[in-house]
Amino acid sequence: MTRSIIKIKTTLLDHQIAQLSAIAIGLSLIESVLPSPMPGVKPGIANIITLYAMYRFNFRTAIWVSILRVFATSLILGQFLSPTFMLSLAGSLLSLLTLYFSIKLPSRFFSPIGLSVLSSFAHITGQLLLVRLWLIPHASIYYLIPIYSAAALAFGLINGWITYRLLKHHNSI
Amino acid sequence: MKSRSKIFLGDSLIIFISLIFIIFTFKTFWHFETGSVVQVNFQGKTYGNFSLFQNKEMSLIGKEGESIIEIKEGRVRFAKSPCKNQYCVQQGWIHFTGQMLICIPNEVSIEVLGKTKAYDSLNY
């Protein structure tokens, strides 16, 4: 009996996606052990990698890195298909959609910092929408909007600044 | 140096708009309004609405015994309750819209009402 070996042809971009995703998954895991003052307020440092992938390579790479990160992290943490996973996915998808449009903004005026803030706002919007429509279908969650948007701005700025420095360091901006 | 400051022009705009948005949401969702009326619910029915701007003591005889609700200087509290835990009494005075005190054993609850209905987790 001959062993059948399935060989998948991988391109250089595939390897880069894998590497970036690995870093993003690692960052997500580190973040998941950090204590959080309230559920949902997280730095979202894995978004740095998504932004970085988008600037350094292309938007497709960013989609891959972001979605792979969401799936892999939830599988590792045992949250696959749980509400946590759904929230994470909703946030990431809306965040990616926002990035798709905001990358078209003139780069003379808009740096990764601005895009990071936009994407973190999109992330929290996606999550709150899902919470409102599915988990807690009641208007009382509007109380949380100020806290979440303040956190989105703060962490969006920090992540954006890190991305900016990374890209500057690698001469990709 | 000039090009550097230009890069951040759009970003500053985004940050400025988000700051306005945050302040706006804080103002909209986090205003606490002093209530003017207290609604007393007794044994699953509304017992009555009473103005907070009066001094009044109400006595309700429920299954467990006598609950006394006290209204004074725009605030309201359970002054006495026959229940075991005394949670309702220990929560003290309330006066903001949407605040609520509940005594489940004696089936008495009071809620402060105002012009607008405030949201809380109990509505859900």
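Bear in mind that the values here come from a model prediction, so they are computed numbers and not experimental data. (Residues numbered from 1 in each chain as written. Chains lettered and ligands numbered in written order. Predicted model: local features only at pLDDT ≥ 70, side-chain atom pairs only at ≥ 80, totals over all residues. Heavy atoms only, no water.)

Asks: What exactly am I supposed to notice about the overall build of chain B here?
Replies: Assigned secondary structure in chain B consists of two helices and seven strands. The linear arrangement of helices and strands in chain B, starting from the amino end, is α-β-β-β-β-β-α-β-β. A burial count over chain B gives 37% of its 124 residues as buried. Accessible area of chain B: about 7800 Å², with a carbon and sulfur share of 60%. (Helix = DSSP H or I, 4+ residues; strand = E, 2+ residues; numbered from the N terminus. Buried < 20%, exposed > 50% of the residue type's maximum accessible area, 1.4 Å probe, protein only. Areas by Shrake-Rupley, 256 points an atom, 1.4 Å probe, with all protein chains shown as cover.)

Asks: Is there a simple way to explain the sheet that holds strand S7 (residues 108-113) of chain B in this structure?
Replies: Sheets are built from strands that pair by backbone hydrogen bonding, the pairs being arranged parallel or antiparallel. Residues and elements named next belong to chain B. Spatially, S2-S1-S7-S6 is the arrangement adopted by the four strands of the open sheet, whose pairing is antiparallel. Two strands close off the open sheet at either side, each with one partner strand: strand S2 (45-51) and strand S6 (100-103). Going from strand to strand, the sheet's axes swing by 15° on average, the running direction of each strand aside. For strand S1 (residues 37-42) and S2, the ladder comprises six bridges, and the chain directions are antiparallel. Across the sheet, the residue bridging to Gln-39 is Asn-49, located in S2. (Pairing = 2+ DSSP bridges. Axes fitted to C-alpha atoms, helices over the stretch in contact; angles between N-to-C directions.)

Asks: I would appreciate a short explanation of the environment of Arg-75 of chain B in the present structure.
Replies: Residues and elements named next belong to chain B. Tracing the chain through its elements places Arg-75 in strand S5 (residues 75-80). Among the residues examined, Arg-75 registers a relative accessible area of 29% and is labelled partly exposed. Note: C-alpha distance between Arg-75 and Gln-54 (21 residues apart in sequence) is 9.3 Å. For Arg-75, the contacting residues outside a window of four places in its chain are Leu-52, Glu-70, Trp-93, Ile-94 and His-95. (Contact = heavy atoms within 4.5 Å.)

Asks: What is the right way to read the interface of chain A and chain B from this model?
Replies: Accessible area lost upon the coming together of the parts serves often as the stated size of an interface. Between chain A and chain B, the residue contacts involve 25 residues of the former and 22 residues of the latter. Taken together, the two surfaces of chain A and chain B that pack against each other cover about 2200 Å², and 74% of this comes from carbon and sulfur. Summed over the three residues of chain A that lose the most area to chain B, namely Phe-109, Tyr-143 and Pro-146 of chain A, the buried surface amounts to 27% of that side. Summed over the shared surface of chain A and chain B, the number is zero salt bridges. Where chain A touches chain B, the interface holds five residue pairs in polar contact (both at pLDDT 80 or more). Elements represented by at least two residues in the side of chain A that touches chain B include exactly helix H5 (112-135) and helix H6 (145-169) of chain A. A breakdown of the residues in the side of chain A that touches chain B according to their chemical character gives 19 nonpolar, five polar and one charged. (Buried area = accessible area lost by both parts, 1.4 Å probe. Salt bridge = Lys/Arg side-chain N within 4 Å of Asp/Glu carboxyl O. Polar contact = N/O pair within 3.5 Å; in protein donor to acceptor, adjacent residues only side chain to side chain. Nonpolar A, V, L, I, M, F, W, Y, C, P; charged D, E, K, R; others polar.)

Asks: I'm lost on the layout of surface pockets in this one. Help?
Replies: Any empty space left between the atoms is revealed when a probe the size of a water molecule rolls over them. Residues and elements named next belong to chain A. Space inside the largest pocket adds up to approximately 1100 Å³. Residue lining of the largest pocket: 47 residues in total, with Glu-31, Gly-40, Lys-42, His-123 and Gln-127 positioned closest to the centre. When contributions to the lining of the largest pocket are tallied by element, the ones reaching two or more residues are helix H1 (12-33), helix H2 (46-56), helix H3 (59-77), helix H4 (83-102), H5 and H6. The residue inventory of the lining of the largest pocket, partitioned by class, reads 23 nonpolar, 21 polar and three charged. (1 Å grid on protein atoms, 1.4 Å probe; cavity = no way out; pocket = protein on both sides within 12 Å on 5 of 7 lines; lining within 4 Å. Points joined across faces, edges and corners; volume = space filled by probe spheres on them.)

Asks: I'm lost on the sheet that holds S5 of chain B in this one. Help?
Replies: All names here are of chain B. Ordered in space as S3-S4-S5, the three strands form an open sheet in which the pairing is antiparallel. The outermost strands of the open sheet, each flanked by one partner alone, are strand S3 (56-61) and S5. Neighbouring strand axes in the sheet, compared pairwise and without regard to direction, differ in orientation by 25° on average. Bridge count between S3 and strand S4 (residues 66-72): six bridges; the pairing is antiparallel. Following the sheet pairing, Ser-59 is matched in S4 by Ile-68.

Asks: Whenever I open this one, the domain arrangement of chain B confuses me. Can you help?
Replies: The domain architecture assigned to chain B consists of domain 1 (1-31) and domain 2 (37-113). Measuring from the centre of the C-alpha atoms in domain 1 of chain B to the corresponding centre in domain 2 of chain B gives 45 Å. (Domains from an automatic or database assignment.)

Asks: What is the right way to look at the pairing of S6 of chain B in this model?
Replies: It is a general feature of regular strands that their side chains alternate between the two faces of the sheet. Residues and elements named next belong to chain B. Residues of S6 alternate between two faces, with Leu-101 and Cys-103 buried on one and Met-100 and Ile-102 left unburied on the opposite face. As judged from the four bridges shared by S6 and S7, these two strands associate in the antiparallel manner. Bridge pairing in S7 places Leu-101 opposite Ile-110. Counting the residues that bridge the hairpin from S6 to S7 gives four residues, and of these Glu-107 lies at a positive phi of roughly 55°.

Asks: What exactly am I supposed to notice about the packing of H2 of chain A against H4 of chain A here?
Replies: Describing two packed helices takes the angle between their axes plus the distance from one axis to the other. All names here are of chain A. Across the interface, H2 lies against H4 with an axial gap of 12 Å and an inter-helix angle of 30°. Comparing the axis directions of H2 and H4 gives the class roughly parallel. Taken as a pair, H2 and H4 cross one another with a handedness that is right-handed. The residues of H4 that touch H2, namely those facing Asn-47, Thr-50, Leu-51 and Met-54, are Ser-95, Leu-96 and Leu-99. (Parallel < 35°, antiparallel > 145°, perpendicular 65-115°, else oblique. Left-handed = near helix turned anticlockwise from the far one by under 90°.)

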